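Examination of the molecular architecture
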Amino acid sequence: MNAILNQPFKNWGLQNTDRPLIIAGPCSAESEEQVMDTAQQLKAMNIEIYRAGIWKPRTRPNSFEGVGSIGLEWLRKVQKEVGMKVSTEVANVKHVYEALRFGVDIIWIGARTSANPFAMQEIADALKGVDIPVFVKNPVNPDVELWIGAIERIQGAGITRVGAIHRGFSSFDKTRYRNVPQWQLPIELRRKMPNIPMLCDPSHIGGRRDILQEISQKAMDLNYDGLIIETHCNPDKAWSDAAQQITPTELGKLLGKLVLRSLNSDNQEFIHNLEDLRHQIDKYDDELLNIIEERMKVAEKIGMYKKKNNITILQPDRWNEILEKVLDKGKKYDLSDEFLANIFKAIHQESINKQTHIMNE
Ligand code: PEP
Ligand code: MN
């Protein structure tokens, strides 16, 4: 893993602002021994920021809901004896006051809380005049505006060091992820708020150890600024989220395997070749647009013809035939069924829209 200088954390009072910023530690603080043991191992790997949940938002009652304020004493011990910065999740005003009272260095707001504007505003109000870095996780539902709103409330309280954490989104369907990443949402957040550093939380996206590497790499390839990864001295015995936690040694291996690519290069040959390839892409995009436009013109002619003959717009057999033909021909090309179906569904929908317009003229 070769470090690349990271600008977003320059004023965060950290010793190491190289990309990627790493936050590691257990899902939950469980005991003083577990907190200290994990922290010492992470410190030995030069990890600067520790995480541990003190209050745990659990889906069902009667699960382990965190050790509460006693855990903050253990975090203070991590600061004093291990020399790490410590971070924890706050979900209400009481948590904020407790975390501040114990001198927690960084706080984050969890996905269930960032989805609730009232809770966000109360937390923001409690933070007025406090100079602490705050990370805001994406809300559980895939709503970029809600995520932006949560960040704006924290900024509105005068907090200057604000970051975002992408932890994936709930879905009803069973997928290979615990929370589907929907990468286009954090990309959209970054487009709208380019100065907000973005961390990825592969632990809560994946929900399982075997895909943490792949998710972390994808985040690096999308130019994320860092990772927050659940790390436990004895993951199998963890009181929460056991299936997704890894040991500090495993974390070290994961980080060692990450390939870091830069956003830009000053290699002239690379710049020149990239420009050349991008010209080719632009040319194909123009051609695609022309072809789609020509296809739409034919669809409009069909629309007029159907109108004259009093025929419905949607012809289910014809649509099935098109889709099957495309998927069949697609086998010759290196294009997935999902991709082809999406493109042709979109084209078909636009044809229907155009024909509807013609019918109603
Ligand atoms: C956590 O970080 O342990 C946590 C509860 O995460 P999330 O809010 O993303 O579910
Ligand atoms: Mn967790």
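Only a predicted model underlies this, so the values are computations on that prediction, with no experimental measurement involved. (Residues numbered from 1 in each chain as written. Chains lettered and ligands numbered in written order. Predicted model: local features only at pLDDT ≥ 70, side-chain atom pairs only at ≥ 80, totals over all residues. Heavy atoms only, no water.)

Our focus in this paragraph is helix α9 (residues 212–221). Inspection of α9 places L212, I215, S216, Q217, A219 and M220 among the buried residues, and these make up the whole buried set. Phi turns positive, to about 70°, at N223, one or two residues after α9. (Buried < 20%, exposed > 50% of the residue type's maximum accessible area, 1.4 Å probe, protein only. Helix = DSSP H or I, 4+ residues; strand = E, 2+ residues; numbered from the N terminus.)

Distances from the manganese ion (ligand 2) to its protein donors, C27 (SG), H204 (NE2), E230 (OE) and D241 (OD), fall at 2.0 to 2.4 Å. Binding-site remark: the manganese ion (ligand 2) is held by donors from one chain whose sequence spacing is C-x176-H-x25-E-x10-D. Separated by 37 residues along the polypeptide, H204 in helix α8 (residues 202–206) and D241 in the loop between β10 (226–230) and α10 (248–257) bring together distant segments of the chain. Of the two residues, H204 and D241, both sit in the buried class. (Donors = N, O, S within 2.8 Å, 3.2 Å for Na, K, Ca; no water.)

Many structure descriptions define interface size as the accessible area lost when the parts assemble. Along its sequence, the protein chain is organised into domain 1 (21–257) and domain 2 (268–359). The straight-line distance from the C-alpha centre of domain 1 to that of domain 2 is 42 Å. (Domains from an automatic or database assignment.)

Here we come to the sheet that holds strand β5 (residues 85–89). Two orientations exist for strands paired in a sheet by backbone hydrogen bonds: parallel and antiparallel. Read around the barrel, eight strands follow the order β3-β4-β5-β6-β7-β8-β9-β10 and close on themselves; strand pairing throughout is parallel. Put simply, the sheet's adjacent strands are angled 25° from each other on average, direction ignored. Note that strand β8 (residues 162–166) and strand β9 (residues 198–200) share three bridges and pair parallel. Across the sheet, the residue bridging to A164 is M198, located in β9. (Pairing = 2+ DSSP bridges. Axes fitted to C-alpha atoms, helices over the stretch in contact; angles between N-to-C directions.)

Membership of the largest hydrophobic core comes to 67 residues, with the highest contact counts inside it found for Y50 and I154. The dominant element in this core, judged by the number of residues it contributes, is helix α6 (residues 144–156), at six residues. Judged by nonpolar contacts, the second largest core, of twelve residues, contains W12, L21, F135 and I165. (Core = buried A, V, L, I, M, F, W, Y, C linked by side-chain atoms within 4.5 Å.)

Attention now goes to a nonpolar patch on the surface. Residues Y333, L335, F339 and I343 make up a contiguous nonpolar surface patch of roughly 370 Å² in combined accessible area. When you line up the elements, I343 lands in helix α13 (residues 337–360). (Patch = residues over 30% accessible without salt bridge, like charges linked within 9 Å, V, L, I, M, F, W, Y side chains within 5 Å. Areas by Shrake-Rupley, 256 points an atom, 1.4 Å probe, with all protein chains shown as cover. Salt bridge = Lys/Arg side-chain N within 4 Å of Asp/Glu carboxyl O.)

Right, let's talk about the pattern of salt bridges for a bit. Counted by the stated rule, this structure contains 19 salt bridges. With a closest N to O distance of 3.1 Å, R178 and D241 form a salt bridge. Of this pair, R178 sits in the loop between β8 and α7 (184–192) while D241 sits in the loop between β10 and α10, placing them 63 residues apart in sequence. Looking at R178, the relative accessible area reads 38%, which means it is partly exposed. On the accessibility criterion, D241 (18% relative accessible area) is buried. A salt bridge links E294 to K297; its shortest N-O distance comes to 3.6 Å. Of this pair, E294 and K297 both sit in helix α11 (residues 268–308), three residues apart, which is roughly one turn of the helix. A relative accessible area of 41% places K297 in the partly exposed class. Beyond isolated ion pairs, a larger network of salt bridges with shared partners links E145, E188, R191 and K192.

Another point: unusual backbone geometry. Note that the residue after R19, namely P20, is joined by a cis bond; omega there is -5°. Examined against the element boundaries, P20 turns out to sit in the loop between β2 (18–19) and β3 (21–25). The residue Q182 is not glycine, and still its phi comes out positive at about 45°. Tracing the backbone shows Q182 in the loop between β8 and α7.

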